[in-house]
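Residues per chain are reported as follows:
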Amino acid sequence: MSQPLNDATMPSSLSHGDTRHFAPLGSNINVLMIWPRFPPSFWGFEGVLEMIPEKAMTPPLGMITVAALCPASWTIRLIDHSFDELSDEDLRWADLVMISAMHAQRLDAIGVLGRAKALDRRTFVGGPWASTEPDVVLKHADHVFVGEAEEAFAAIAIALEDGTAQRLYKVIDKPDMTNSPVPRFDLLKLNKYTSMPVQFSRGCPFQCEFCDIITIYGRKPRAKEPAQVIRELDTLRALGWKNEVFIVDDNFIGNHHKALALSRELGAWQVEHNHPFSFYTEASIDLAAKTELLQAMVAANFMYVFIGIETPSSEALKESRKFQNLRSNNVDQVRIIQEAGLWVLAGFIVGFDSDDETIFQRQLDFIELTNITWAMAGVLQAPPTTALYDRMKLEGRLIEDSEATTNFSPPNFEPNLPVPVLLRGLSTLLSGLYEAKPFFKRALRSLEVWQPQETQVPPELPMAYNLRVLGASMWRQGMRSSYRVEYWKFLYQLLTRFARKPAQLWLGFTVLLSAHHFLIYSREVARQLEAECLSIEARGEVPRRAPRAVSAAAQLAARA
């Protein structure tokens, strides 16, 4: 059983002022769960949301999982701040305001916490931001939870009720995923989202230096039983969900044997229920070597997969300890996955120590060669708790007061490439990827390379919905956009080449819509990157000095 830390054993940096007592809330608590707003982002698809009825991509799975752990006597409401207004009356109703947030959501989270404090509401914060920066979160919240909640929350709920709750709870042990409940999907406004999240496993066996997944969730993947996942899918079906399902695991194949077992169960379930859902997920590139698993995922109606490819540079992969990407030729691996039936999208990073000014063109060449339409390219950052963060601190390169908020911000450490060179190189890369003509050409090639199987069935949405979205697309993209000529060329090619291929037609139209996000957002990012470079140059900042010498023993200790 995971043990919460009490005040007596808290780190000294968190102990000052953390021992005050709170009034008991009683057993009939009104809980207002708030999911903070994200700033515009690469994966926010804000341009797409302008043309479809939905208001957000996915709901907060962590919050509705915690909601399922709450006592039955608690009354729970959920507000998604990305589209819901939060009134003072909402806050006054609550005895307890609970927030979960990722790092990118912290500014809105701080604003919400400030409003709750002004109204004398009790606040409780968990999630990735709290788990990586609890000392920061404690400045704004009454209670902070670090870790995973399944095996600890029952005791915390009792403490909140009887007035013995601590300011900081830190769960060190990783809970058994078979104890995770079916999330409270009923709390969601289902028609506001484009996809529903389901989690099968947590943790990843690899050791990428820049990744905080392995420090938050561990390197030993833990999974639910297939029957648990099926229960969640049955719950969604009963609630009337008909669109995509996102298996949100950071590496679905972290335990590939269990992933195979689940995929087989999902395949049988899909056949039994006439393929009600299509799936997508995230996986490491070694999926290409797991033929049986690939086949089972395709049979289960997985349509596409996100892969962290990061870089074509073997030096950077070695430096960041992403050894799994060095086992085979990455171009060949991407092609194997595409030809097996999974459309590939991917993440890429620039700013590794070994990168020089050629890396931006090398990244572009790789992405063009592999026909990856949705390629997220950003600057390397060192998140708290990661090995990279520790190494940068050891080398005297960490920028402790960095205001980096996204992978398009200057890095939170001193890179080897001068920051203006790094940011302008990224801007050039994004322009090469997301100018209309190369984007649509790459998209067509990706649909030609991708070989979906007959078992893969796209979501079947109402005709009225499809006509509404098509009309909005033709108006915003085909009539009013700066890329309307390329829009019509792509639409014509899509209809003539794939009219009898429903999977490609569905995904091709999804890509067509996505252009209104990526083409516009990348231009805005390029503008912001140039403004940042001009600001740096105006301040007269010079490239960093060489990092201070660090002994080999100290470097090894930092990497241990």
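Definitions and cut-offs
- Residues numbered from 1 in each chain as written.
- Predicted model: local features only at pLDDT ≥ 70, side-chain atom pairs only at ≥ 80, totals over all residues.
- Heavy atoms only, no water.
- Pairing = 2+ DSSP bridges.
- Helix = DSSP H or I, 4+ residues; strand = E, 2+ residues; numbered from the N terminus.
- Axes fitted to C-alpha atoms, helices over the stretch in contact; angles between N-to-C directions.
- Contact = heavy atoms within 4.5 Å.
- Buried < 20%, exposed > 50% of the residue type's maximum accessible area, 1.4 Å probe, protein only.
- Core = buried A, V, L, I, M, F, W, Y, C linked by side-chain atoms within 4.5 Å.

Asks: Mind laying out the sheet that holds strand β6 (residues 168–170), listing which residues take part and the relevant values?
Replies: Sheet architecture is open: six strands sit in the order β2-β1-β3-β4-β5-β6, paired in parallel fashion. Either end of the sheet is taken by a strand with one partner, and the two such strands are β2 (75–80) and β6. Pairwise comparison of adjacent strand axes, ignoring direction, gives a mean angle of 20° for this sheet. Alignment of strand β1 (residues 30–35) against strand β3 (residues 96–100), held across four bridges, turns out to be parallel. Bridge pairing in β3 links Val-31 to Leu-96. Sheet strands touched by helix α3 (residues 61–69): β1, β2 and β3. Its angle to β1, the strand with the most contacts, is close to 165°. Each of β1, β3 and β4 (122–126) is contacted by helix α5 (residues 106–118), which is oriented at about 175° to β3, the strand it contacts most.

Asks: Describe in detail the side chain of Asp-108, supporting the description with residues and values.
Replies: Relative to the helices and strands, Asp-108 is located in helix α5. Overall, Asp-108 belongs to the buried group, its relative accessible area being 15%.

Asks: Quick rundown of the nonpolar core? Include the residues and the values.
Replies: Membership of the largest hydrophobic core comes to 142 residues, with the highest contact counts inside it found for Met-33, Phe-153 and Leu-233. If we ignore the near neighbours within four places in the chain, the residues touching Leu-233 are Val-198, Val-245, Leu-266, Trp-269, Phe-277 and Phe-279. Listed in part, the 22 residues of the second largest apolar core include Val-97, Ala-109, Val-112 and Trp-129.

Asks: Account for the pairing of strand β10 (residues 244–247), with residues named and values stated.
Replies: In β10, alternate side chains face the same way, and those of Glu-244 and Phe-246 on one face and Val-245 and Ile-247 on the other are all buried. One ladder, built from four bridges, connects strand β7 (residues 195–198) with β10; its direction is parallel. Bridged to Pro-197 within β10 is Phe-246. Across three bridges, the pairing between β10 and strand β11 (residues 279–283) is parallel. Within β11, the residue paired with Ile-247 across the bridge is Thr-281.

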